[in-house]
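Each chain is listed here by its residues.
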Protein chains: 2
Amino acid sequence: MAAVPPPIRIEDPADPRIAAFVSIKERDLTGRQGRFIAEGTVVLRMLAAAHRSGRGITAEAILLLENRVAGLAELLAQFPADVPVFVADAPVFDAIAGFNMHRGVLALGRSDAMPGRDALIAAVPASSLVLAACGISNHDNMGSLFRNAAAFGVDAVLMDESSCDPMYRKSIRVSVGSALTLPFSREGTAAELIDRLLTAGFAIWGLSPRGEVDVTEIPPAPRTALLVGTEGEGLPQAILSAVRTARIRQRPGLDSLNVAMAAGIALHQVASANGRI
Amino acid sequence: MAAVPPPIRIEDPADPRIAAFVSIKERDLTGRQGRFIAEGTVVLRMLAAAHRSGRGITAEAILLLENRVAGLAELLAQFPADVPVFVADAPVFDAIAGFNMHRGVLALGRSDAMPGRDALIAAVPASSLVLAACGISNHDNMGSLFRNAAAFGVDAVLMDESSCDPMYRKSIRVSVGSALTLPFSREGTAAELIDRLLTAGFAIWGLSPRGEVDVTEIPPAPRTALLVGTEGEGLPQAILSAVRTARIRQRPGLDSLNVAMAAGIALHQVASANGRI
């Protein structure tokens, strides 16, 4: 365990050393040049794991409420010694972050040079399960998709360019940090993604209320890609006609399941059928 | 189809006739004497259905953005003619509600004299599936639980008194209105709830990462109650030792599934096994 340098006390919310943490809620939807905010102890632990894994995620700074420092000593030691740890009392902490951060645990990270779609597809194991997603526009749903993907052993999450960024603060939090550790790409169109997956030997199953088979009948396969579409409208017909389709049995006449819920049920089913969990 | 009276135009955000809609976001967590806010077209449709069903849910007033009125004529006709429909332009509408209501569709409702726990248990069919929940404190999760319960044909949702109110605006919205149509109770302790369900002949299955059987192995039964616990800690040991327990297979070492997700997977499984969907 590395020696942990003492935390750096911040007395002034305008201190330039913690500028990146200022008003993070309001800036949530603005570009940040590959930087992201991790919040909470569980996500901080995932950030440490991601940093060590060397896949392009780096911790740049940590900001803690003073009463959290002692309890986090072991976790802080998992970060390199050159990652500064700032500490502030509650009024200063809240003045920096711009809202009442009950968790008192924030970190700034950077993602860069992460592998793209084709590199990820080339790198997944011979036996693999991937989650493909098109047009996911809600950060809560995005985070839930990652949490479920991690729970059921998905090897990579592949999104089209119209999906939202899983590295937004809220998505990372809802993913319980899985967005930091699960390989993902977000580029190109849904049609291109399907083309690449077919070329790589994936059986692609699109989820749809009008799917041709029940989700419990998706046959085991060495490589399966589960494909989910936008909230509300689901997958467009042009996509559905290019892949096999599966449905989740439910009561008729209701709004269909939330996309993350549908993906969770299907991933649980496919991961079980393939002996992956 | 009843003749629909013309909507009442509101020019002043301080008009006492729409006082109940003022600053609904800020007042979201305060008591409102059985009143609730429904937002969005889908939820408004569920409110009309709930009002007609006569189970204790009443629509009291509707407030629409002026450009939404024409498209909602058919739905408005499903409410009794004595439910006033107010209409406002965007600046007035936003000034009333206190934040930018992009949906432009709000309704005020009242719930009273709804059947309690024991009456609901006495009223469920001989073959039934209920969702029991203890200590659910997050309104998003509560809404998701109701949405899933409705999708998989649950007959009633029975909560302990420590669970949060499914009639909060956000829960109703996330439930896609199911909180207005699905019978529920929220009273007493978890132990009392389990006692009543056992007496009524229910096989009770508590969801836990350390469950004794896999959730796919829960045997069909005329009456099944699926029991879920608090986010984070799950069901307390005293409860788990009073019921049968089931687990959902997932990758080890991760934070367990979100409570609504776990319930969704289990309800899908149990509803399928019992031929209910």
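Quick notes on the rules
Residues numbered from 1 in each chain as written. Chains lettered and ligands numbered in written order. Predicted model: local features only at pLDDT ≥ 70, side-chain atom pairs only at ≥ 80, totals over all residues. Heavy atoms only, no water. Buried < 20%, exposed > 50% of the residue type's maximum accessible area, 1.4 Å probe, protein only. Helix = DSSP H or I, 4+ residues; strand = E, 2+ residues; numbered from the N terminus. Pairing = 2+ DSSP bridges. Axes fitted to C-alpha atoms, helices over the stretch in contact; angles between N-to-C directions. Parallel < 35°, antiparallel > 145°, perpendicular 65-115°, else oblique. Contact = heavy atoms within 4.5 Å. Nonpolar A, V, L, I, M, F, W, Y, C, P; charged D, E, K, R; others polar. Expected span 1.5 Å × (residues − 1). Polar contact = N/O pair within 3.5 Å; in protein donor to acceptor, adjacent residues only side chain to side chain. Buried area = accessible area lost by both parts, 1.4 Å probe. Salt bridge = Lys/Arg side-chain N within 4 Å of Asp/Glu carboxyl O.

**Considering the pairing of strand β3 (residues 57-65) of chain A**
Residues and elements named next belong to chain A. Most of β3 sits out of view: seven of its nine residues are buried. Summarising the sheet, β3 and strand β4 (residues 85-88) pair through four bridges and their orientation is parallel. Directly across from L63, in β4, lies its bridge partner F86.

**Describing the packing of helix α5 (residues 139-151) of chain B against helix α10 (residues 259-273) of chain B**
All names here are of chain B. Relative to each other, α5 and α10 sit at 10°, their axes nearing to 9 Å. Taken together, the axis directions place α5 and α10 in an arrangement best described as roughly parallel. Across the interface between the two elements, N141, S144, L145, N148 and A149 of α5 pack against V259, A260, A263, G264 and L267 of α10. In terms of residue class, the contact of α5 with α10 is built from six nonpolar, four polar and no charged.

**Some remarks on the sheet that holds strand β9 (residues 203-207) of chain A**
All names here are of chain A. The strand order across the open sheet formed by seven strands is β8-β7-β6-β11-β9-β12-β10, and the pairing between neighbours is parallel. One side of each edge strand has no neighbouring strand; the edge strands of this open sheet are β8 (184-186) and β10 (213-214). Two elements, β9 and strand β11 (residues 223-228), share four bridges in a ladder whose sense is parallel. Residue pairing in the sheet places W205 in a bridge with L226 of β11. Against the sheet, helix α5 (residues 139-151) touches β6 (128-133), β7 (156-159), β8 and β11, its axis set at about 150° to β7.

**Some details on helix α10 (residues 259-273) of chain A**
Residue and element names in this part refer to chain A. The end-to-end C-alpha distance of α10 is 21 Å, a good match for the 21 Å that 15 residues give at a rise of 1.5 Å each. The buried fraction of α10 amounts to 14 of the 15 residues, a majority that puts the element mostly inside the structure. At the N-terminal end of α10, a side-chain oxygen is found 2.7 Å from the backbone nitrogen of A260, two or three residues along, and the residue is N258. Where α10 ends, the next residue or the one after it, G275, has phi of about 65°, a positive value.

**Some words on the interface of chain B and chain A**
The interface of chain B with chain A comprises 28 residues on the first partner and 28 residues on the second. Carbon and sulfur atoms supply 60% of the area that chain B and chain A bury against each other, a total of about 2,400 Å² over both sides. It is R249, R251 and M261 of chain B that lose the most area in chain B upon contact with chain A, and together they represent 25% of the buried surface on that side. Taken together, chain B and chain A are joined by zero salt bridges. Contributing elements (two or more residues each) for the side of chain B that touches chain A: α5 and α10 of chain B. Taken together, the residues of the side of chain B that touches chain A sort by class into 13 nonpolar, ten polar and five charged.

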